[in-house]
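Letter by letter, the chains look like this.
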Amino acid sequence: MARPSTLPIDAPTDEQIVCHVDADCFYVACERLREPTLRGEPVIVGMGYEAGESHGAVATASYEAREHGVQSAQSIEAALETLPRRGDADTDEPTAYYRPVDMDFYESVSDDIRTVLEASADVVRPVSIDEAYLDVTDRTDWETVASFGAELKATIRERAGIVVSVGIAPTMSAAKIASDAQKPDGLTLVEPGEVRSFLAPLDVEAIHNVGPATARKLRGLGIETAADLASADPDRLTAQFGERGRAIYRYARGEDGRDVTPRDDPKSFSRESAFSQPVADHDQLKERVQTLASAVADRAARNGALYQTIGIKVVEPPYDVHTRARSLSGPVADPALLEDVARDLLTEFEGTRVRKVGVRVSKLSFTDREQVALSGFDTGAGSDDTETTATERTPPGEHSDGVAATEATPADADEGATSPEPTDSPHLSGQTTLSDFG
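So, here is what we can say about the structure in this document.

Definitions and limits used
Residue numbers run consecutively from 1 along every chain, following the written order of its sequence. The model is predicted, so local features are restricted to residues of pLDDT at least 70 and side-chain atom pairs to those at 80 or more, both for listing and for counting; the totals for chains, interfaces and linings are taken over all residues. Side-chain measures here rest on the full set of heavy atoms in the structure, leaving out hydrogens and waters. A run of H or I in DSSP becomes a helix once it reaches four residues, and a run of E becomes a strand once it reaches two; helices and strands are each numbered from the N terminus. Relative accessibility decides the category of a residue: with a 1.4 Å probe and only protein chains considered, values under 20% of the type maximum give buried, values over 50% give exposed, and everything between is partly exposed. The criterion used for residue contact is that any of the two residues' heavy atoms lie within 4.5 Å. Per-residue accessibility takes into account occlusion by the displayed protein chains alone, with areas from the Shrake-Rupley method and a 1.4 Å probe. Nitrogen and oxygen atoms within 3.5 Å of one another constitute a polar contact, given that in protein one can donate a hydrogen and the other can accept it, and given that sequence-neighbouring residues count only through two side-chain atoms. Strands are treated as partners if at least two bridges between them are detected by DSSP. To define axes, lines are fitted to C-alpha atoms, for helices over the stretch in contact only, and angles between the resulting N-to-C directions are given on a 0 to 180 degree scale. Two helices cross in a left-handed way if the nearer one is turned anticlockwise from the farther one by less than a right angle. They cross in a right-handed way if the turn is clockwise. Residues are grouped as follows: Ala, Val, Leu, Ile, Met, Phe, Trp, Tyr, Cys and Pro are nonpolar; Asp, Glu, Lys and Arg are charged; every other residue, Gly included, is polar. Centres within 6.5 Å make a pair out of two Phe, Tyr or Trp rings, where for Trp the six-membered ring is used; the pair is then stacked when the planes are under 30 degrees apart, edge-to-face when over 60, and tilted otherwise. Here, over-ring charges are defined by two tests on the NZ atom of lysine or the CZ atom of arginine: distance to the ring centre within 6 Å, and angle to the ring normal within 35 degrees. By definition here, a salt bridge exists when the distance from a side-chain nitrogen of Lys or Arg to a carboxyl oxygen of Asp or Glu is within 4 Å.

Right, let's talk about the overall build of the chain for a bit. For the chain, the helix and strand inventory stands at 13 helices and 12 strands. When burial is assessed residue by residue, the chain has 50% of its 438 residues classed as buried. Contacts in the chain between residues at least 24 apart in sequence constitute 70% of all its contacts with a sequence separation of at least 6. Surface summary for the chain: the accessible area is close to 19,100 Å², and the carbon and sulfur share equals 45%.

What follows is the structure in structure tokens.
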């Protein structure tokens, strides 16, 4: 755990305590969860890639693959030249395992992580499928927060099977940088009064809101490190970069007044439950689904939400994820109907061994509009009673560990950017399609 010692600790009790939780090589970690034999091996997960093909781009490369020069956003063809596919190459040279992106499975694991995060903090702000900010000010203090972070990491590892790195700081931007400081499996604490000292030696590109193009321009001005940026003339920076120049000056000085805030209205509510051993008893599964449906209905009611789509998730051993959904003709808030639909959707899996079940409502409405009548629910042949499959979409990026196509932007893509945090991906926070149930 990194803790700069060059600055006295000053920890006022009213400081916000922010945790940034970032899964290490998330897509690869999920593949290893499903295939334990991949642990310790070079693994490359490709987007737009099909097994055995050479097209697509690298979404995530394991640390073992990175040691050989494979990087995120690199073409699969180039990756194959560096690390041939295991089993295809007649060579003594290093090889790698290649796997296509499987978003349904990754989102299922992400849901497991999210469950732990929501139980650990009063405010959770997901920013992608594999990372989130937590405000834990009311859950711990600066004397005990390191233990809190260690316990959070251990709980995620136990319940989701995933290793995460955690950064803890009084600001969002410092917490984000801290979570990258000791990857993988890192825990970095930056206490109040230490932020500027912690940032000072870092390359200027590490500072929040500084992208590659801005970093090049800053270096052209002789500004190489965060310390250089923090001591620069703010008027000169403003003249060069506009108000953004003054903002990055403040970030380099450890000044970040943003509060961790939750998203706007959620896109869905869900509850999941795992069994200690796979269960095939359908009555037991129905009972668990009914309990979950009741909890979801209660949560929707507490948030004043109506729902139009009801779905379930069934996970067969080892990690085969199935989702089913049914849509109503309009939004309702009807716990009995929710339970009936969830149980009905479960009938397709009678006799199936199940390790986890979940219930979700989506297509939420937070207006005071009149609910549809119960007769508006179509149970006939035209109902949406088929498996919902993932729509074609670009997988979300993994930020420090992986880059999706949307992040593989030209070097000057950061010009004029004003976003207060990395490009958000909706998957950790939920979607209106059941393909994002996980």
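Bringing the side chain of arginine 258 into the picture now. Assignment of secondary structure puts arginine 258 in the loop between α11 (243-252) and β9 (268-279). By relative accessible area, which is 18% here, arginine 258 ends up buried. At 2.9 Å, the side chain of arginine 258 and the side chain of aspartate 256 are in polar contact.

On to the sheet that holds strand β11 (residues 320-332), then. Strand order in the open sheet formed by 4 strands is β9-β12-β10-β11, with antiparallel pairing between adjacent strands. The sheet is open, and its two borders are formed by β9 and β11, each paired with just one other strand. When the angles between neighbouring strand axes are averaged without regard to direction, this sheet yields 10°. Relative to the sheet, helix α12 (residues 282-302) contacts β9, β10 (306-316) and β12 (354-365), its axis offset from that of β9 by approximately 155°. Each of β10, β11 and β12 is contacted by helix α13 (residues 335-346), which is oriented at about 35° to β10, the strand it contacts most.

This paragraph deals with the packing of α12 against α13. Interaxial distance between α12 and α13 falls to 9 Å at its minimum, and their mutual angle equals 145°. Handedness of the crossing formed by α12 with α13: right-handed. Contact residues: His282, Leu285, Lys286, Val289, Gln290, Ala293, Ser294, Val296 and Ala297 in α12; Pro335, Leu338, Glu339, Ala342, Arg343 and Leu346 in α13. For the contact of α12 with α13, the class distribution of residues is 9 nonpolar, 3 polar and 3 charged.

This part is about the pairing of strand β2 (residues 43-47). The two faces of the sheet receive side chains in turn, since in a regular strand these alternate between them. The buried fraction of β2 amounts to 5 of the 5 residues, a majority that puts the element mostly inside the structure. Every second residue of β2 is oriented toward a common face, with Val43, Val45 and Met47 on one face and Ile44 and Gly46 on the other, all of them buried. Pairing of β2 with strand β4 (residues 97-100) involves 4 bridges; the strand directions are parallel. Its bridge partner being in β4, glycine 46 is matched across the sheet by proline 100.

Before going further, it helps to spend a moment on the sheet that holds strand β6 (residues 131-135). As summarised here, the arrangement of the 5 strands in space is β5-β6-β1-β7-β8, forming an open sheet in which the pairing is mixed. Looking at strand neighbours, the two that pair on one side only are β5 (123-128) and β8 (187-189), the edges of this open sheet. For this sheet the average axis-to-axis angle between neighbouring strands, irrespective of direction, equals 15°. Relative to β6, β5 is paired through 5 bridges, and the arrangement is antiparallel. The residue bridging valine 124 from the neighbouring strand is leucine 134, located in β6.

Our focus in this paragraph is unusual backbone geometry. Note the cis peptide between lysine 183 and proline 184, where omega equals -5°. Turning to its location among the elements, proline 184 is positioned in the loop between α6 (172-180) and β8. Not every positive phi belongs to a glycine, and cysteine 25 is a case in point at roughly 45°. Summarising the element assignment, cysteine 25 is placed in the loop between β1 (18-23) and α1 (26-34). Look at cysteine 25 and you get buried, because its relative accessible area is 4%.

Let us look at the packing of aromatic side chains. The full count for this structure, using the stated rule, is 4 aromatic pairs. A ring pair is formed by phenylalanine 26 and tyrosine 27, whose centres lie 6.3 Å apart and whose planes are at 55°; its orientation type is tilted. The burial state of phenylalanine 26 is the same as that of tyrosine 27; both residues are buried. Between tyrosine 49 and tyrosine 98 the ring centres are 6.4 Å apart and the planes differ by 50°, which places this aromatic pair in the tilted class. In this pair, tyrosine 49 sits in the loop between β2 and β3 (57-61) while tyrosine 98 sits in strand β4, placing the two residues 49 residues apart along the sequence. Take tyrosine 49 and tyrosine 98: they sit in the same class, and that class is buried. One Lys or Arg, arginine 66, reaches over the ring of tyrosine 63 and ends 4.6 Å from the middle of that ring.

To continue, consider the pattern of salt bridges. The full count for this structure, using the stated rule, is 28 salt bridges. Across the pair arginine 86 and glutamate 41 runs a salt bridge whose closest N-O atoms are separated by 3.0 Å. Remark: glutamate 41 occurs in the loop between α1 and β2 and arginine 86 occurs in the loop between α3 (76-82) and β4; sequence separation between them is 45 residues. Exposure remark for arginine 86: the relative accessible area of 31% places this residue in the partly exposed category. Judged by its relative accessible area of 24%, glutamate 41 is partly exposed. Here arginine 343 ties to glutamate 339 by a salt bridge, and the two come within 3.9 Å at their closest N and O atoms. You can see arginine 343 and its partner glutamate 339 sitting in helix α13, 4 residues apart, about one turn around the helix. The network of salt bridges with shared partners includes Asp111, Asp112, Arg114, Glu272, Lys313, Lys356 and Arg360.

Worth remembering: the numbers are spatial, not functional.
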